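Here is what each chain is made of, one letter per residue.
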Amino acid sequence: MPSTNIGGTSRCPVNVNLIRSYIMSFAKLTELPWTPYYRQEGSSDEESSLIYTWALAATILFTIAVYSFERYLNDRQRDSYKITKFPSHLEETVGKIDAEQKEADTSSTDAAAAEEKTKDDDATNSNKDKVDRHKPLLPQLQSKFEKSQSYGSDKINFSMVSAAYETFESVAYMLLGFLPFLWDKACSIGSTHFGYDETNDEIKVTLIFLLLATLVGTVTALPFELYSTFKIEKKHGFNKMTIGLFISDKIKSLLLTFIIGGPFVALLLKIIKMGGDKFYLYVWAFMSVFSLFMMTIVPVFIMPLFNKYEPLKDGPLKDSIYALAGKLKYPLTKLFVMDGSKR
């Protein structure tokens, strides 16, 4: 039956001209060479080298390719966390262990087992998630399997969202020219407030640049850290930290970054500038010395800033650890216990 057109004139519901304009705009936007929105003084639109033409586009495409591959791996991992059935082969094995344990003659070991259980209860009374060796293992492992799958699922979903944002942020920074803008801003701050010159005070300007980049990175990462710590980790019983302690740790971390990282970067750049053709040898030597320095001060000065440590009291545990260290010829001199009640 022929169609009737009420009103006389047939109109296409799709605006073809609008779609064509979108396509042309997208083609113009993706036309090489890609250039960042912000460009430093001295950069030219007339450069036509192959590197200049492809550099930004290739970097962005490579970043997206890496993200896509990691997303594929995360998708596979997420699927494994959706499995709710306890592995049959593990169930069979653990079931045999429980059966053997039940059938074993324990008449001569009941008293010792009871005494050991009492000691274990005293030592781990605050930790209800540990496996009780005096009860069947299979029900305990099945319960822990469900909790582990739930935790892993939450973690992988969060990491996928976080990775998507990080990729978006990286691409946006490149397209906007954010880092060149930040460098020019560091030069402006150094020149205005401290009288630094970009050419003669390059190291000092670099430190200002790194300061700005660190502050920006801290702010953008803060929502994800808060969600991970106070939502996911707390949901599954792995976090006891308060907001006040979180902020305190973050401030301490930033201060340590500036106090240790600033001189480190300044010395590193100085060595590179003064090292000549063999600068990499001096950099290697400096990095080796710095690594030894950090290995020395971290457990003594830095870790106590974040956690409370007390010497391990004399007793069987301390004696057994020292005996094992002596057997392995490990030069153990001190043992400390960390208070994990606040984290």
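Asker: Account for the overall build of the protein, with residues named and values stated.
Answerer: Of the regular secondary structure elements, the protein holds ten helices and two strands. In sequence order, the secondary structure elements of the protein are arranged as α-α-α-α-α-α-α-α-α-β-α-β. Looking at the protein as a whole, 20% of its 343 residues qualify as buried. Of all intrachain contacts in the protein linking residues separated by at least 6 positions in sequence, the fraction that spans at least 24 positions is 63%.

Asker: Lay out helix 6 (residues 178–194) with the relevant residues and their values.
Answerer: With 17 residues, helix 6 should reach 24 Å at 1.5 Å per residue; the first-to-last C-alpha distance of 23 Å fits that figure. Listed as buried for helix 6 are Leu 182, Trp 183, Ala 186, Cys 187 and Gly 190. The buried side chains of helix 6 occupy one side of the element, clustering within an arc of 145° when seen end-on. Away from the buried face of helix 6 by more than 90 degrees, exposed residues Thr 192 and His 193 are located. In this structure, the buried residues of helix 6 make contact with helix 7 (202–235).

Asker: Now, about a nonpolar patch on the surface: what can you tell me, with residues and values included?
Answerer: On the surface, Leu 211, Leu 215, Leu 222, Leu 226, Ile 243, Ile 247, Ile 251, Leu 255, Phe 258 and Ile 259 cluster together to form a nonpolar patch covering roughly 810 Å² of accessible area. Going through the elements one at a time, helix 7 and helix 8 (243–274) are the ones with two or more residues in the nonpolar patch. A total of six residues in the nonpolar patch trace back to one element, the largest contributor, which is helix 8. Here Leu 226 shows up in helix 7. Note on Leu 226: relative accessible area 30%, which makes it partly exposed.

Asker: Run through the nonpolar core, naming residues and quoting values.
Answerer: Leu 182, Trp 183, Ala 186, Cys 187, Val 205, Ile 208, Phe 209 and Leu 212 together form the largest nonpolar core, which totals eight residues. Put simply, the parts of the chain that give this core at least two residues each are helix 6 and helix 7. Setting aside residues no more than four positions away along its own chain, Ile 208 makes contact with Ala 186, Ile 189, Gly 190, Phe 194 and Tyr 196.

Asker: Quick one: what's the story with the side chain of Asp 98, residue by residue and with numbers?
Answerer: The residue Asp 98 is located in helix 3 (residues 88–103) in this model. Discounting residues that sit within four places of it in the chain, Asp 98 has contacts with Pro 136, Leu 137, Leu 138 and Pro 139.

Asker: So what's going on with helix 5 (residues 137–176)? Residues and values would help.
Answerer: Between its first and last C-alpha atoms helix 5 spans 57 Å; for 40 residues at 1.5 Å apiece the expected length is 58 Å, and the two agree. Within two residues after helix 5, Gly 177 carries a phi angle of roughly 70°, on the positive side.

Asker: Explain the packing of aromatic side chains residue by residue, including any values.
Answerer: This model, assessed by the stated rule, comprises 15 aromatic pairs. Pairing Trp 183 with Phe 209 gives two aromatic rings, centres 5.7 Å apart and planes at 65°, and the pair type is edge-to-face. Of this pair, Trp 183 sits in helix 6 while Phe 209 sits in helix 7, placing them 26 residues apart in sequence. Here a set of aromatic residues connected by ring pairs shows up, and it is made of Phe 158, Tyr 165, Phe 224 and Tyr 227. Over the face of the ring belonging to Phe 306 we find Lys 252, whose NZ or CZ atom lies 5.9 Å from the ring centre.

Asker: Go over the environment of Lys 240 with me, naming the residues and quoting the values.
Answerer: Counting through the fold element by element, Lys 240 comes out in the loop between helix 7 and helix 8. Taking the C-alpha atoms as reference, Lys 240 lies 5.3 Å from Lys 342; in sequence the two are 102 residues apart. Setting aside residues no more than four positions away along its own chain, Lys 240 makes contact with Gly 340, Ser 341, Lys 342 and Arg 343.

Asker: Residue-level account of unusual backbone geometry, with values.
Answerer: Despite not being glycine, Lys 329 shows a phi value in the positive range, around 60°. Looking at the element boundaries, Lys 329 is found in the loop between helix 10 (316–327) and strand 2 (336–338). Judged by its relative accessible area of 76%, Lys 329 is exposed.

Asker: I'd love a proper account of the pattern of salt bridges, names of residues and values included.
Answerer: The tally for this structure, following the rule as stated, stands at nine salt bridges. Residue Asp 154 pairs with Lys 235 through a salt bridge whose shortest N-O separation is 3.0 Å. Within this pair, whereas Asp 154 is found in helix 5, its partner Lys 235 is found in helix 7, the two being separated by 81 residues in sequence. Salt-bridge contacts for Glu 225 lead to Lys 250; the nearest nitrogen and oxygen are separated by 2.5 Å. Highlighted residues: Glu 225 in helix 7 and Lys 250 in helix 8, separated in sequence by 25 residues. Its relative accessible area of 22% is what places Lys 250 among the partly exposed residues. In the salt-bridge network here, residues are joined through shared partners; they are Arg 71, Asp 75 and Arg 78.

The rules behind these values
- Residues numbered from 1 in each chain as written.
- Predicted model: local features only at pLDDT ≥ 70, side-chain atom pairs only at ≥ 80, totals over all residues.
- Heavy atoms only, no water.
- Helix = DSSP H or I, 4+ residues; strand = E, 2+ residues; numbered from the N terminus.
- Buried < 20%, exposed > 50% of the residue type's maximum accessible area, 1.4 Å probe, protein only.
- Contact = heavy atoms within 4.5 Å.
- Expected span 1.5 Å × (residues − 1).
- Arc of directions from axis to C-beta.
- Patch = residues over 30% accessible without salt bridge, like charges linked within 9 Å, V, L, I, M, F, W, Y side chains within 5 Å.
- Areas by Shrake-Rupley, 256 points an atom, 1.4 Å probe, with all protein chains shown as cover.
- Salt bridge = Lys/Arg side-chain N within 4 Å of Asp/Glu carboxyl O.
- Core = buried A, V, L, I, M, F, W, Y, C linked by side-chain atoms within 4.5 Å.
- Phe/Tyr/Trp six-rings, centres within 6.5 Å; stacked < 30°, edge-to-face > 60°.
- Lys NZ or Arg CZ within 6 Å of the ring centre and 35° of its normal.

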